[in-house]
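One letter stands for each residue in the lines below.
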Amino acid sequence: LNDGIQLRRRETIANMCDERARMLQDQFNVSMNHVHALAILVSTFYHGKHPPAIDQKTFGEYTERTSFERPLTSGVAYALRVCHSEREKFEKEHGWTIKMMDTGDQDQTLAQYCDPENLDPSPIQDEYAPVILSQETVSHIVSIDMMSGKEDRENILRARASGKGVLTSPFKLLKSNHLGVVLTFAVYNTHLRQDATPEERIKATVGYLGASYDVPSLVEKLLHQLASKQTIVVNVYDTTNVSAVINMYGPEEIDTGFLHVSSLDFGDPSRKHEMRCRFKHRP
Ligand code: WA2
């Protein structure tokens, strides 16, 4: 009899976990497709028209009104590729200097992002990726060089060489106390063939469309819709580095018996994720 109950419990937790993992993965995939479409929108209406047919006001309105298409994202933004030789002209045209990302202590960071003018100008680099267009929810990153942040920089380099949507490892996003991830698509100045080489892609790159995901608050929202929080404990992990997995959502793991692991595919083959579920209480 007891064996039968145990078996039923295992089946229940497995089904609940798989369902939640699939929902999270599907919503992630939906928003990833829409972020991809935004990269094409910028390519068509910013780079494809002279003068550009999108300004901050249009981009801000459009991205706010279509935010329902990007569940789990906290905001989208567009950073332009600027070479050092173009910096002076770029800064004159925009009326601001390219800023450096400050990932220092939180107090200082909060004060600074209230007024980007408090940020330090970027030191000289070969090239920059200042944010020029943003959804209102992430307006604090406008004028910041996204190549001056380690995770954002790695994403930009990988996105433009691959032509695919790429994800960062979890890290603390600006103006957020949670771990998050950034999704990046490169924007190119020509229509590249599917089999274009990394060199051809890097050469044709004109900018980067990115979305930020505040994972804890967004997974929380998703799980809330399923009313099971009294029953099960859910964790989401980045397991890319098996010897140093990162807990992106959920409490420190506690041993309350049987654990079920559901796979999660967020569309970037170089990052691995999984969901782990267990019952809150022993039977
Ligand atoms: N967006 C929002 N908050 C962040 C962040 C970010 N990156 N990085 C750190 N905190 C414009 O890949 C290009 C968005 C980066 C895109």
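Description of the structure in this document. Quantities reported herein were computed from a predicted structural model and do not represent experimental measurements. (Residues numbered from 1 in each chain as written. Predicted model: local features only at pLDDT ≥ 70, side-chain atom pairs only at ≥ 80, totals over all residues. Heavy atoms only, no water.)

Considering the site of the ligand
Okay, so step 1: Close contacts around the ligand come from Ala 77, Ile 141, Met 146, Asp 152, Phe 171, Leu 173, Leu 174, Val 182, Thr 184, Tyr 208, Gly 210 and Ser 212, and that covers them all.
Okay, so step 2: Residue Asp 152 places a side-chain N or O atom 2.6 Å away from a nitrogen atom belonging to the ligand.
Okay, so step 3: In the model, an oxygen atom of the ligand is placed 2.8 Å from a nitrogen or oxygen of the Thr 184 side chain.
Okay, so step 4: Surface burial for the ligand is 98%, taken as the share of its 400 Å² of free accessible area covered by protein chains. (Near = heavy atom within 4 Å. Polar contact = N/O pair within 3.5 Å; in protein donor to acceptor, adjacent residues only side chain to side chain. Areas by Shrake-Rupley, 256 points an atom, 1.4 Å probe, with all protein chains shown as cover.)

Points about unusual backbone geometry
Okay, so step 1: A cis amide bond links His 50 to the next residue, Pro 51, at an omega of 0 degrees.
Okay, so step 2: You can see Pro 51 is positioned in the loop between α1 (2-47) and α2 (56-65).
Okay, so step 3: Phi is positive for Ser 143, close to 80 degrees, though the residue is something other than glycine.
Okay, so step 4: Secondary-structure assignment places Ser 143 in the loop between β4 (131-134) and α5 (150-162).
Okay, so step 5: Although it is not a glycine, Lys 175 sits at a positive phi angle of roughly 60 degrees.
Okay, so step 6: Looking at where Lys 175 falls in the secondary structure, it is placed in the loop between β6 (171-172) and β7 (179-188). (Helix = DSSP H or I, 4+ residues; strand = E, 2+ residues; numbered from the N terminus.)

Digging into the packing of aromatic side chains
Okay, so step 1: Applying the stated criterion across every chain yields a total of four aromatic pairs.
Okay, so step 2: Through pairs of rings, three or more aromatic residues link up here, namely Phe 28, Tyr 213 and Phe 266.
Okay, so step 3: Seen from the ring of Phe 279, Arg 9 lies directly overhead, with NZ or CZ sitting 4.2 Å from the centre.
Okay, so step 4: Across from the ring centre of Tyr 237, 4.0 Å away, lies the NZ or CZ of Arg 276, which sits over that ring. (Phe/Tyr/Trp six-rings, centres within 6.5 Å; stacked < 30°, edge-to-face > 60°. Lys NZ or Arg CZ within 6 Å of the ring centre and 35° of its normal.)

Considering the state of the cysteines
Okay, so step 1: Applying the stated criterion to the full structure yields one disulfide.
Okay, so step 2: Here Cys 17 pairs with Cys 277 through a disulfide, and the sulfurs are 2.1 Å apart. Sign of the S-S torsion, about 75 degrees for the bond between Cys 17 and Cys 277, identifies this disulfide as right-handed. Residue Cys 17 is located in helix α1, and its partner Cys 277 is located in strand β12 (residues 273-279); the two are separated by 260 residues in the primary sequence. Across this residue pair, the class does not change: Cys 17 and Cys 277 are buried. (Disulfide = S-S within 2.5 Å. Buried < 20%, exposed > 50% of the residue type's maximum accessible area, 1.4 Å probe, protein only.)

With respect to the environment of Leu 179
Okay, so step 1: Within the fold, Leu 179 resides in strand β7.
Okay, so step 2: Residue Leu 179 is classed as partly exposed on the basis of its relative accessible area, which comes to 30%.
Okay, so step 3: Each C-alpha atom, one on Leu 179 and one on Ser 217, is 9.7 Å from the other, the two residues being 38 residues apart in sequence.
Okay, so step 4: Setting aside its immediate chain neighbours within four residues, Leu 179 contacts Pro 170, Phe 171, Lys 172, Tyr 213, Asp 214, Val 215, Pro 216, Ile 246 and Asn 247. (Contact = heavy atoms within 4.5 Å.)

So, the sheet that holds strand β10 (residues 246-249)
Okay, so step 1: Sheet architecture is open: four strands sit in the order β10-β9-β12-β11, paired in antiparallel fashion. Looking at which strands have only one partner, the edges of the open sheet turn out to be β10 and β11 (259-264). Taken pair by pair, the neighbouring strands of this sheet meet at an average axis angle of 35 degrees, ignoring direction.
Okay, so step 2: Where β11 lies against β12, six bridges are found, and the strand directions are antiparallel. In the sheet register, Leu 264 faces β12, and the bridge partner there is His 273.
Okay, so step 3: Its contacts with the sheet place α1 against β9 (232-238), β11 and β12, and it is angled at close to 25 degrees to β11. (Pairing = 2+ DSSP bridges. Axes fitted to C-alpha atoms, helices over the stretch in contact; angles between N-to-C directions.)

Some details on the packing of α1 against helix α7 (residues 215-224)
Okay, so step 1: Interhelical geometry of α1 versus α7 gives an angle of 125 degrees and a closest axis separation of 11 Å. One finds that α1 runs oblique with respect to α7. Relative to α7, the crossing made by α1 is right-handed. Residues Arg 20, Met 23, Leu 24 and Gln 27 of α1 form the contact with α7, whose participating residues are Val 219, Leu 222 and Leu 223.
Okay, so step 2: When the residues that make up the contact of α1 with α7 are grouped by side-chain class, the tally is five nonpolar, one polar and one charged. (Parallel < 35°, antiparallel > 145°, perpendicular 65-115°, else oblique. Left-handed = near helix turned anticlockwise from the far one by under 90°. Nonpolar A, V, L, I, M, F, W, Y, C, P; charged D, E, K, R; others polar.)

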